[in-house]
Amino acid sequence: MTILITGGAGYIGSHTCVELLNAGYEIVVLDNLSNSKIDSLDRIREITKKNLKFYQTDLLNKGQLKTIFSENDIEAVIHFAGLKAVGESVLIPLHYYHNNITGTLILCEVMEEFGVNKMVFSSSATVYGIQEQVPLSENLPLQATNPYGRTKLMIEEILHDVYISNKNWCIAMLRYFNPVGAHSSGRIGEDPNGIPNNLVPYITQVAVGKLSELNVFGNDYTTHDGTGVRDYIHVLDLAAGHLKALEKVMTTSGVSAYNLGTGRGYSVMDMIHAFEKVTDRKIPYRIIDRRPGDIGISYADPTKAQRELNWIAQKGLEEMCSDSWRWQSNYPNGYEIDNKEQKEQK
Ligand code: NAD
Ligand code: WQD
């Protein structure tokens, strides 16, 4: 069974490729490498001792997408490809709408043309926006507070409409909470460009000495220590959730959203302390103002995924921190690839 993975060279995609290959799937990866390195694919092959086919292609290139579908017997698509930086999406919204939404439209058009109707889509907890209550369950009214979030919200709506127009479709929209961690080999992990926007890569870069101190965005939230609380989830638990969602879409039809989170929240200070323990290093920090647009608390109600996908997160905070740290300390500069050496592979 061949599965097309869009954005498979990226952070969550690469870990999911490992799990899929280990489970015996044949995979074809499509990625334009705009936010990833070809090295991740070599390391997936090395970890799994299995091969994958790679097309360095932009999702917006409909002709090349059709070629991929005609050259391979694709049965389902896991759709990770997208731009994800919230701040950047405010600065260049048209680029985000074009890349994320038009890319998804083109993908759906080509899938329909080739009679492939099974999709697992990377949505995000960002579609909950600002809510009064936690935990966040799938049936809450949705809202988004920035262009990136709106791309996810709009794509969810588009996918609903696609299903309504053709009931052969089966689509699982996975709303990830805060993905962290890395593969236990320490060979693949998150490799943000420039200064990280997200908490965990920022902390690990402070721990490894690349950054001097962490800015903690506010300590006046109504949380147990005043700092923001999030539902951090190990990327390998997320990857396992994709396998379960894939099994589901292969055997049914419909469109459904699922939270992928642990159901447990940790504050920024909890995360600093957990990393201090794992790294045996002090993490210097200072409290500054709240980051505009941030919310105080977000954590999942993961019971729908448990009930309908038979999935539950297995890995705890210590493993999230030690795996993130192994990757960061092995590779302080990430994949460190010379771009000139990036080659198109098939
Ligand atoms: P990532 O940037 O590491 O991976 C995305 C991949 O998609 C990259 O390899 C990038 O090169 C590729 N890509 C982007 N636009 C493309 C295009 N037009 N054509 C071909 N390839 C393209 O990000 P990630 O953290 O692995 O996230 C994967 C998905 O999950 C994204 O859709 C993201 O929005 C979503 N998500 C991520 C998080 C998170 O915090 N990491 C949380 C919720 C949802
Ligand atoms: C976590 C906590 C910050 C950085 C973002 C996106 C969301 C999703 C996941 C894609 C918050 C605090 C952070 C720092 C800090 N991505 N923090 N200092 O904001 O929950 O979610 O990534 O879909 O859409 O918005 O994650 O890691 O940025 O922040 O104090 O340098 O850490 O205030 O409480 P967030 P994050």
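Residues numbered from 1 in each chain as written. Chains lettered and ligands numbered in written order. Predicted model: local features only at pLDDT ≥ 70, side-chain atom pairs only at ≥ 80, totals over all residues. Heavy atoms only, no water.

Novice: How would you summarise the site of ligand 2 if you had to cite specific residues and measurements?
Specialist: Taken together, 19 residues sit near ligand 2, with Ser124, Tyr148, Asn215, Arg230 and Asp294 positioned nearest. Arg291 is positioned such that a nitrogen or oxygen atom in its side chain is 2.8 Å from an oxygen atom of ligand 2. A distance of 2.5 Å separates an oxygen atom of ligand 2 from a polar side-chain atom of Asp294. Every element with two or more residues in the shell around ligand 2 is listed here: helix H7 (199–207) and strand S8 (214–217). The element that contributes the greatest number of residues to the shell around ligand 2 is S8, accounting for four residues. Taken together, the residues of the shell around ligand 2 break down into nine nonpolar, seven polar and three charged. (Near = heavy atom within 4 Å. Polar contact = N/O pair within 3.5 Å; in protein donor to acceptor, adjacent residues only side chain to side chain. Helix = DSSP H or I, 4+ residues; strand = E, 2+ residues; numbered from the N terminus. Nonpolar A, V, L, I, M, F, W, Y, C, P; charged D, E, K, R; others polar.)

Novice: Quick one: what's the story with the pattern of salt bridges, residue by residue and with numbers?
Specialist: Following the criterion strictly, the structure yields 14 salt bridges and no others. Across the salt bridge formed by Lys84 and Glu190, the nearest N and O atoms sit 4.0 Å from each other. Of the two residues, Lys84 is situated in the loop between strand S4 (74–79) and helix H4 (86–91) and Glu190 in the loop between strand S7 (178–180) and H7; the sequence distance between them amounts to 106 residues. Take Lys84: its relative accessible area is 43%, and that puts it in the partly exposed class. Given a relative accessible area of 16%, Glu190 falls into the buried group. In this structure, the salt-bridge partner of Glu276 is Lys282, at a minimum N-O distance of 3.6 Å. Judged by relative accessible area, which is 67%, Lys282 ranks as exposed. (Salt bridge = Lys/Arg side-chain N within 4 Å of Asp/Glu carboxyl O. Buried < 20%, exposed > 50% of the residue type's maximum accessible area, 1.4 Å probe, protein only.)

Novice: Outline the confidence of the model for the chain, supporting the account with residue identities and numerical values.
Specialist: Residues with a pLDDT of 70 or more make up 97% of the chain, whose mean pLDDT is 96. The secondary-structure element of the chain with the lowest mean pLDDT is H4, recorded at 96, while strand S10 (residues 232–234) shows the highest, at 99. Long-range and interchain partners of residues 338–346, a stretch whose pLDDT sits below 50, account for 18 contacts in this model, where long-range means more than four residues apart. Under the prediction, the complex receives an ipTM of 0.99, its pTM being 0.97. (pLDDT = per-residue confidence, 0-100. Contact = heavy atoms within 4.5 Å.)

Novice: Explain helix H5 (residues 93–113) to me, using residue names and the numbers behind them.
Specialist: Between its first and last C-alpha, H5 extends 29 Å over 21 residues, near the 30 Å set by a 1.5 Å rise per residue. Turning to H5, its buried residues number three or more, namely Tyr96, Asn99, Asn100, Ile101, Gly103, Thr104, Ile106, Leu107, Cys108, Val110 and Met111. Here the buried face of H5 lies against strand S1 (2–6), helix H3 (62–71), S4, H4, strand S5 (118–124) and helix H6 (147–165). Positive phi appears at Gly115, one or two residues downstream of H5, with a value of about 65°. (Expected span 1.5 Å × (residues − 1).)

Novice: Mind laying out the nonpolar core, listing which residues take part and the relevant values?
Specialist: Within the largest apolar cluster, 43 residues are counted, with the highest numbers of intra-cluster contacts made by Ile5, Ile27, Leu174 and Leu246. With 28 residues, the next largest nonpolar core counts Leu65, Val77, Ile101 and Leu159 among its residues. (Core = buried A, V, L, I, M, F, W, Y, C linked by side-chain atoms within 4.5 Å.)

Novice: Tell me what's going on with the sheet that holds strand S3 (residues 53–56), and back it up with residues and numbers.
Specialist: The strand order S3-S2-S1-S4-S5-S6-S11 describes an open sheet built from seven strands, whose pairing is parallel. Looking at strand neighbours, the two that pair on one side only are S3 and strand S11 (254–260), the edges of this open sheet. Neighbour to neighbour, the strand axes of the sheet diverge by 15° on average, direction disregarded. Strand direction decides the pairing type here: strand S6 (residues 170–176) and S11, joined by seven bridges, are parallel. For Cys170, the partnering residue across the bridge sits in S11 and is Gly254. The sheet strands contacting helix H8 (residues 235–251) are S1, S4, S5, S6 and S11, and the helix crosses S6 at an angle near 160°. (Pairing = 2+ DSSP bridges. Axes fitted to C-alpha atoms, helices over the stretch in contact; angles between N-to-C directions.)

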